[in-house]
Amino acid sequence: LRAHLDTFEVMLYRSLVGVLAVSAAAALAGRLGEIGTRSLGLHLVRNTVHFAGQNLWLFALSLIPLAQLFALEFSYPIMVALSAPLLLGERLSGGRLLSAAAGFAGILIVARPLAPGGLSPGLLAAMACAVGFAGAAILTKRLTRVVSVVCILFWLTLMQTLMGLACAALDGHVALPSAAALPWVLAIGLSGLGAHFSLTK
């Protein structure tokens with residue numbers, strides 16, 4: 001898609017597909033009433049942090065090998081596990097701590113951020129995206145205590161559609177997906193929504 005759209009435009013259309021799919025699914029299931037404005041501020045913070053992380057991920061994707069990107073991206077569960085006792089009141093067992101240490105060692109082996117020339121812009125973006133994803137995961141867990149999955153997904157997709165539009169319009173031009181790009185936009189939108197549904201659930 002990067003041949004057709006910039007990063008913000010990809011996020012705009014990915015989120016737009018999501019908001020249409022969530023709204024249609026909620027309407028068909030008779031669950032539109034679950035979409036309310038409770039904890040709207042928390043939704044906004046969560047979606048802003050995630051939007052930043054997602055854009056950093058897309059930026060890093062074009063700069064570093066997939067193995068490095070995925071290794072650094074999936075450091076976020078380690079960050080979540082280590083911060084959950086402080087932010088969510090969850091218990092951190094010795095086994096989880098050992099797993100976090102082993103995972104971190106694996107990340108260092110694959111990503112090699114300390115190798116000569118290791119801290120490239122792509123690696124820094126991937127590290128920052130992991131921080132954004134960790135923050136989004138913690139805030140999502142907080143939201144699941146007070147609102148439904150449908151509500152979380154609706155505000156996620158709607159807010160990120162608006163954020164994507166605002167950022168895509170900064171250069172004064174928002175490109176529309178071409179006919180060739182449209183199937184990929186749909187695939188990214190629906191798979192991204194499926195991932196968020198699974199993580200939130």
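Residues numbered from 1 in each chain as written. Predicted model: local features only at pLDDT ≥ 70, side-chain atom pairs only at ≥ 80, totals over all residues. Heavy atoms only, no water.

K.L.:
How would you explain the side chain of Glu9 if you had to name every residue and give the values?
P.N.:
Along the chain, Glu9 falls in helix α1 (residues 7–28). Among the residues examined, Glu9 registers a relative accessible area of 4% and is labelled buried. Ignoring sequence-local partners within four residues, the contact set of Glu9 consists of His4, Ala168, His173, Val174 and Ala175. (Helix = DSSP H or I, 4+ residues; strand = E, 2+ residues; numbered from the N terminus. Buried < 20%, exposed > 50% of the residue type's maximum accessible area, 1.4 Å probe, protein only. Contact = heavy atoms within 4.5 Å.)

K.L.:
Could you give an account of helix α4 (residues 76–87), with specific residues and numbers?
P.N.:
Looking at α4, one finds that the buried residues are Tyr76, Ile78, Val80, Ser83 and Ala84. One or two positions beyond α4, positive phi appears at Gly89, with a value near 75°.

K.L.:
Please set out α1 residue by residue, giving values where relevant.
P.N.:
The first and last C-alpha atoms of α1 sit 32 Å apart over 22 residues, in line with the 32 Å expected at 1.5 Å per residue. Of the residues flanking the start of α1, the one acting as N-cap is Asp6, its side-chain oxygen 3.1 Å from the backbone nitrogen of Phe8. Backbone geometry just after α1 places Gly30 at a positive phi near 65°. (Expected span 1.5 Å × (residues − 1). Polar contact = N/O pair within 3.5 Å; in protein donor to acceptor, adjacent residues only side chain to side chain.)

K.L.:
A description of unusual backbone geometry should follow, citing residues and the corresponding values.
P.N.:
For residues other than glycine, phi is negative in most cases, and the peptide bonds are mostly trans. The backbone of Ser39 sits at a positive phi, close to 60°, despite the residue not being glycine. Note on placement: Ser39 falls in the loop between α1 and α2 (40–61).

K.L.:
Which residues make up the environment of Leu143, and what values go with them?
P.N.:
The residue Leu143 is located in helix α6 (residues 121–144) in this model. For Leu143, a relative accessible area of 0% puts it in the buried group. Taking the C-alpha atoms as reference points, Leu143 and Leu42, separated by 101 residues in sequence, lie 7.5 Å from one another.

K.L.:
I'd love a proper account of the packing of α2 against helix α3 (residues 66–73), names of residues and values included.
P.N.:
At a closest axis distance of 10 Å, the pairing of α2 and α3 adopts a crossing angle of 155°. Viewed along their axes, α2 and α3 adopt a mutual orientation that is roughly antiparallel. In this structure, the crossing between α2 and α3 has a hand that is right-handed. Between α2 and α3, the contacting residues are Trp57, Ala60 and Leu61 on the first element and Leu66, Leu69, Phe70 and Glu73 on the second. A breakdown of the residues in the contact of α2 with α3 according to their chemical character gives six nonpolar, no polar and one charged. (Axes fitted to C-alpha atoms, helices over the stretch in contact; angles between N-to-C directions. Parallel < 35°, antiparallel > 145°, perpendicular 65-115°, else oblique. Left-handed = near helix turned anticlockwise from the far one by under 90°. Nonpolar A, V, L, I, M, F, W, Y, C, P; charged D, E, K, R; others polar.)

K.L.:
For the pattern of salt bridges, give the residues involved together with the corresponding values.
P.N.:
Oppositely charged side chains can form a pair if their charged atoms are brought close together. Applying the stated criterion to the full structure yields one salt bridge. Of the charged contacts, one joins Glu34 and Arg31 as a salt bridge, the two residues approaching to 2.8 Å between their closest N and O atoms. Take Glu34: its relative accessible area is 32%, and that puts it in the partly exposed class. In this structure Arg31 comes out as partly exposed when scored by relative accessible area, which is 35%. (Salt bridge = Lys/Arg side-chain N within 4 Å of Asp/Glu carboxyl O.)

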